[in-house]
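# Analysis of the macromolecular model
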Amino acid sequence: FQNDLLTLIHGNGNLRQVDLAMLPLSVSARICLLNAVTISCRMCSSESMPELSKTIVPSILLWLTSGEIGDDIRHPLCVASAMQSILHCLQRSKSFDCLEACKTKRKDAVRNLFRLQLHCVQSRLNHVNTSEENTMRLSSLKLLVLMITLNQGLESSNDNQSDAFGFLLPSDITQYFSVLNGLANIDENEEVRALASHLVAIVYAR
């Protein structure tokens with residue numbers, strides 16, 4: 001996605017870049033491309049996952065932050081597909097190491113991604129279909145949960161780039177729980193409310 005280039009991942013592990021100007025740029029085309037990236041993340045070997053994640057995640061994050069969520073390029077369904085790709089990269093690699101390839105420091109990249117998810121999960125885009133918006137919000141909420149889980153593992157690790165609270169600040173964690181409680185109590189969407197309520201129950205059960 002960076003510089004209008006898409007890196008296509010082939011089954012043999014080779015990478016090839018294609019000018020997006022030569023491809024259709026409809027919402028459905030972007031979703032198909034992002035879904036292909038997600039499928040590649042699911043199917044590649046565990047050994048290849050760290051390097052593949054470093055190729056995918058920084059480019060998608062740059063694309064997501066290069067404009068407004070909900071604009072013509074970053075349609076909610078495209079954003080949801082992008083979140084799924086990032087989620088699979090982080091989940092399978094079990095770390096934030098792929099964000100080392102970002103132009104900012106890794107801890108700043110983690111916080112930027114986290115805050116982007118908080119923004120997306122609370123979004124109310126009046127000009128888009130509500131169901132499409134809620135698909136994006138659910139994907140963002142799932143990615144938030146994964147990021148919190150990975151960050152908790154860093155709190156007790158010796159990662160020299162993280163502090164006692166991992167990469168996320170205490171204020172980030174506080175905001176996450178505040179948003180989660182709000183979604184569980186008053187969100188208009190039943191699926192979002194149900195997932196948030198489930199997560200709140202898990203937190204208070206510990």
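These notes cover the structure that comes with them. What you are looking at is a predicted structure, and each value in this text was computed from that prediction instead of being measured.

What counts, and where the lines are drawn
- Residues numbered from 1 in each chain as written.
- Predicted model: local features only at pLDDT ≥ 70, side-chain atom pairs only at ≥ 80, totals over all residues.
- Heavy atoms only, no water.
- Helix = DSSP H or I, 4+ residues; strand = E, 2+ residues; numbered from the N terminus.
- Buried < 20%, exposed > 50% of the residue type's maximum accessible area, 1.4 Å probe, protein only.
- Contact = heavy atoms within 4.5 Å.
- Axes fitted to C-alpha atoms, helices over the stretch in contact; angles between N-to-C directions.
- Parallel < 35°, antiparallel > 145°, perpendicular 65-115°, else oblique.
- Left-handed = near helix turned anticlockwise from the far one by under 90°.
- Nonpolar A, V, L, I, M, F, W, Y, C, P; charged D, E, K, R; others polar.
- Core = buried A, V, L, I, M, F, W, Y, C linked by side-chain atoms within 4.5 Å.
- Lys, Arg positive; Asp, Glu negative; His and termini not counted.
- Salt bridge = Lys/Arg side-chain N within 4 Å of Asp/Glu carboxyl O.
- Phe/Tyr/Trp six-rings, centres within 6.5 Å; stacked < 30°, edge-to-face > 60°.
- Lys NZ or Arg CZ within 6 Å of the ring centre and 35° of its normal.
- Expected span 1.5 Å × (residues − 1).

Moving on, we come to the overall build of the protein chain. The helix and strand tally for the protein chain stands at seven helices and two strands. In the protein chain, the order of α-helices and β-strands from amino to carboxyl end is β-β-α-α-α-α-α-α-α. Counting across all 206 residues of the protein chain, residues that qualify as buried make up 46%. Of the contacts formed within the protein chain by residues at least 6 apart in sequence, a portion of 64% connects residues at least 24 apart.

When two helices pack together, their arrangement is captured by the angle between the axes and the distance separating the axes. Where helix α3 (residues 76-93) meets helix α4 (residues 106-121), the closest approach of the two axes is 13 Å, and the angle between their N-to-C directions is 140°. For the element pair α3 / α4, the angle class is oblique. Relative to α4, α3 is oriented so that their crossing is left-handed. Here V79, M83, I86 and L90 of α3 lie close against α4, whose contacting residues are L113, L116, Q117 and C120. Classifying every residue of the contact of α3 with α4 by side-chain character gives seven nonpolar, one polar and no charged.

So, on to the nonpolar core. Core analysis: the largest hydrophobic core is formed by 56 residues, its most contacted members being L64, L90, F96, L99 and L143. Taken together, the elements giving at least two residues each to this core come down to α1 (27-43), α2 (49-64), α3, α4, α5 (130-155), α6 (170-186) and α7 (190-205). No other element matches α5, which puts ten residues into this core. Filtering out sequence-adjacent residues up to four positions away, L90 remains in contact with S95, F96, C98, L113, L143, L146, M147 and L150.

Right, let's talk about the environment of A194 for a bit. As for its placement among the helices and strands, A194 is situated in helix α7. A relative accessible area of 46% means that A194 is categorised as partly exposed. Separated by ten residues in the primary sequence, A194 and A184 have C-alpha atoms spaced 6.7 Å apart.

Let us now look at the side chain of R30. Within the secondary structure, R30 is located in helix α1. One buried charge, R30, has no salt-bridge partner; the nearest side chain with opposite charge is D71, at 7.7 Å. Those residues in contact with R30, other than ones at most four positions away along the chain, are L25, W63, D72, I73 and C78.

Looking now at the packing of aromatic side chains. The full count for this structure, using the stated rule, is three aromatic pairs. A centroid spacing of 6.3 Å and a plane angle of 50° characterise the contact between F114 and Y176, whose relative ring orientation is tilted. One end of the pair, F114, is in helix α4; the other, Y176, is in helix α6, and 62 residues separate them in sequence. There is no split in this pair, since F114 and Y176 are both buried. The structure contains a cluster of three or more aromatic residues connected by ring pairs, namely F114, Y176 and F177. In this structure, R74 is placed above the aromatic ring of W63, and the distance from its NZ or CZ to the ring centre is 5.9 Å.

Here we take up the packing of α2 against α3. Contact geometry of α2 with α3 gives a least axis separation of 10 Å together with a crossing angle of 150°. Relative to α3, α2 is oriented roughly antiparallel. Crossing angle aside, the handedness with which α2 passes α3 is left-handed. Residues M49, S53, I56, V57, I60, W63 and L64 of α2 form the contact with α3, whose own contacting residues are C78, V79, A82, M83, S85, I86, H88, C89, R92 and S93. Looking at the contact of α2 with α3 residue by residue, the classes come out as twelve nonpolar, four polar and one charged.

Between the first and last C-alpha of α1 there are 24 Å, a value that for 17 residues agrees with the 24 Å anticipated at 1.5 Å per step. Of the positions making up α1, those classed as buried are A29, R30, I31, L34, V37, T38, S40 and C41.

Before going further, it helps to examine the environment of E100. Topologically, E100 is positioned in the loop between α3 and α4. Taking C-alpha positions, E100 is 9.5 Å from V110, a pair spaced ten residues apart along the chain.

These results come straight from atomic positions and should not be treated as a statement about function.
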